[in-house]
Amino acid sequence: MRQLEVRTVFAPDQLRRRLEEAGAQIVDDGGAMHTVRLVAADGDWTAVVETLARFVVHEWSAAYIAHRLAVRHRYLDADEQAHVAALVRKALEQVWAETTDTTVWAETAKAVIGQAALRGTRVELDGVARFQMRDFVRQVEAAVEECVGHYLADREFEQFVLMLRLMMEAQPASGGELHLFCADGKAWVCTPSGEPVCDPDVLAAAAEVSEDGEVNCEDLAMSILITKAPAHVVIHDVAGAQPWPSFTETVERVFIGRASRCTGCSACTQLSAARPGEASLS
Ligand SMILES: [Zn+2]
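For clarity, every value in this text was computed on a predicted model and none was experimentally measured.

## A word on the pairing of strand β7 (residues 232-237)
Judged from the 6 bridges that link them, strand β5 (residues 177-183) and β7 form a sheet pairing that is parallel. Across the sheet, the residue bridging to H179 is V234, located in β7. The pairing of β7 with strand β8 (residues 259-261) spans 3 bridges and is parallel. The partner of V234 across the bridge, within β8, is S260.

## Overview of the packing of aromatic side chains
Using the criterion set out here, one finds 7 aromatic pairs in the structure. Here F10 and Y64 contribute two aromatic rings whose centre-to-centre distance is 5.7 Å and whose plane-to-plane angle is 70°, an arrangement assigned as edge-to-face. Here F10, found in the loop between β1 (2-7) and α1 (12-21), pairs with Y64, found in helix α2 (residues 45-72); they are 54 residues apart in sequence, far enough to count as distant.

## Examining the sheet that holds strand β2 (residues 25-27)
Reading across from one edge, β2-β3-β1-β4 is the order of the 4 strands in this open sheet, with mixed pairing throughout. Two strands in the sheet have a free side with no partner beyond their single neighbour: β2 and β4 (122-124). Strand-to-strand twist across the sheet, computed as the mean angle between neighbouring axes with direction ignored, equals 30°. Relative to strand β3 (residues 35-40), β1 runs antiparallel, the two being bridged by 6 bridges. By the bridge assignment for β3, L4 is matched with L38. Of the strands in this sheet, β1, β2 and β3 touch α1, which is tilted by about 5° from β3. Most of the contacts of helix α4 (residues 101-119) go to β4, to which it runs at about 145°, and overall it touches β1 and β4.

## As for the coordination of the zinc ion
At 2.1 to 2.3 Å from the zinc ion lie its protein donor atoms, namely H236 (ND1), C262 (SG), C265 (SG) and C268 (SG). By relative accessible area, which is 22% here, C265 ends up partly exposed.

## Overview of α1
Every buried residue belonging to α1 is among P12, L15, R16 and L19, and all of these are buried. Mapping the buried residues of α1 onto a view down its axis gives an arc of 100°, with all of them on the same face. Tucked inside the fold, the buried residues of α1 contact β1, β2, β3, α2 and α5 (125-132). G23 sits one or two residues past α1 and shows a positive phi near 100°.

## Observations regarding the layout of surface pockets
Picture a little ball the size of a water molecule; that probe, rolled over the atoms, points out where space is still empty. Of the volumes computed, that of the largest pocket is approximately 410 Å³. Lining the largest pocket are 18 residues, with L164, D219, M222, S223 and I226 positioned closest to its centre. Breaking the lining of the largest pocket down by element, the ones donating at least two residues are α6 (134-169), α7 (200-209), α8 (217-228) and α9 (247-254). In terms of residue count, α8 provides more of the lining of the largest pocket than any other element does, 6 residues in total. The residue makeup of the lining of the largest pocket, split by class, is 10 nonpolar, 6 polar and 2 charged. Taken as a whole, the second largest pocket encloses approximately 220 Å³ of empty space. Lining the second largest pocket are L87, K90, A91, L92, Q94, V95, Q139, A143, E146, C147 and H150. Secondary structure elements with two or more residues in the lining of the second largest pocket: α3 (78-98) and α6.

Rules of the game
- Residues numbered from 1 in each chain as written.
- Predicted model: local features only at pLDDT ≥ 70, side-chain atom pairs only at ≥ 80, totals over all residues.
- Heavy atoms only, no water.
- Pairing = 2+ DSSP bridges.
- Helix = DSSP H or I, 4+ residues; strand = E, 2+ residues; numbered from the N terminus.
- Phe/Tyr/Trp six-rings, centres within 6.5 Å; stacked < 30°, edge-to-face > 60°.
- Axes fitted to C-alpha atoms, helices over the stretch in contact; angles between N-to-C directions.
- Contact = heavy atoms within 4.5 Å.
- Donors = N, O, S within 2.8 Å, 3.2 Å for Na, K, Ca; no water.
- Buried < 20%, exposed > 50% of the residue type's maximum accessible area, 1.4 Å probe, protein only.
- Arc of directions from axis to C-beta.
- 1 Å grid on protein atoms, 1.4 Å probe; cavity = no way out; pocket = protein on both sides within 12 Å on 5 of 7 lines; lining within 4 Å.
- Points joined across faces, edges and corners; volume = space filled by probe spheres on them.
- Nonpolar A, V, L, I, M, F, W, Y, C, P; charged D, E, K, R; others polar.

Here it is as structure tokens:
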């Protein structure tokens, strides 16, 4: 029989369960929450060390992700933290599925834990992870920061869309259909017959709030759409790939269920032909 004392700040209860599944006997530790004392038969020892290694890569890292979010991103509420933690684990699992990283990490953990267990009767899993598997912990930390960044950008976009939608819902609905055209940094709104929609009040209001009196054509097009609150918006987008969230994506989200994309019309053909030079319907 062999004995071992394992310390882990993260997920000690899950570790106890995993070790028991591997054939180890957990010794009553008198309430030391983060210390797991175990006894295992020589024949089960390899399984115990492998279990410890897998635990670090999976359960330990999952608990570490939650801890990292709670400490460094406490402005996120509990639900948001749980949501981002799930995103981080999914992102890591995807990276791990495409690489041999987890196998390498588990082998490193196995070697380090095996040596530590041979030297003495105590293994500090937090120390093993943070110092001997530093690259692994760095990968986890980087995934946390990246997912938080994406989540905050998404949240900001959702709030922006919600604000625009509330502004639109406050307008009397005009019914009918408007067409939005986007090409080469320009955006404009037309009636179904192709007449440009220009609202002097909207233009004046937009100029008033802009810093230099110059009105961004996308802001102006959005203002017109929101003010007119049409029942349907057809988006003619020949602007090509734009960084997320593109103007047309924003319009689609604001007019969710009320917007559709043109799948090909004579105006789009003309605009495409005119690229990359002057694009105009006139
Ligand atoms: Zn079109």
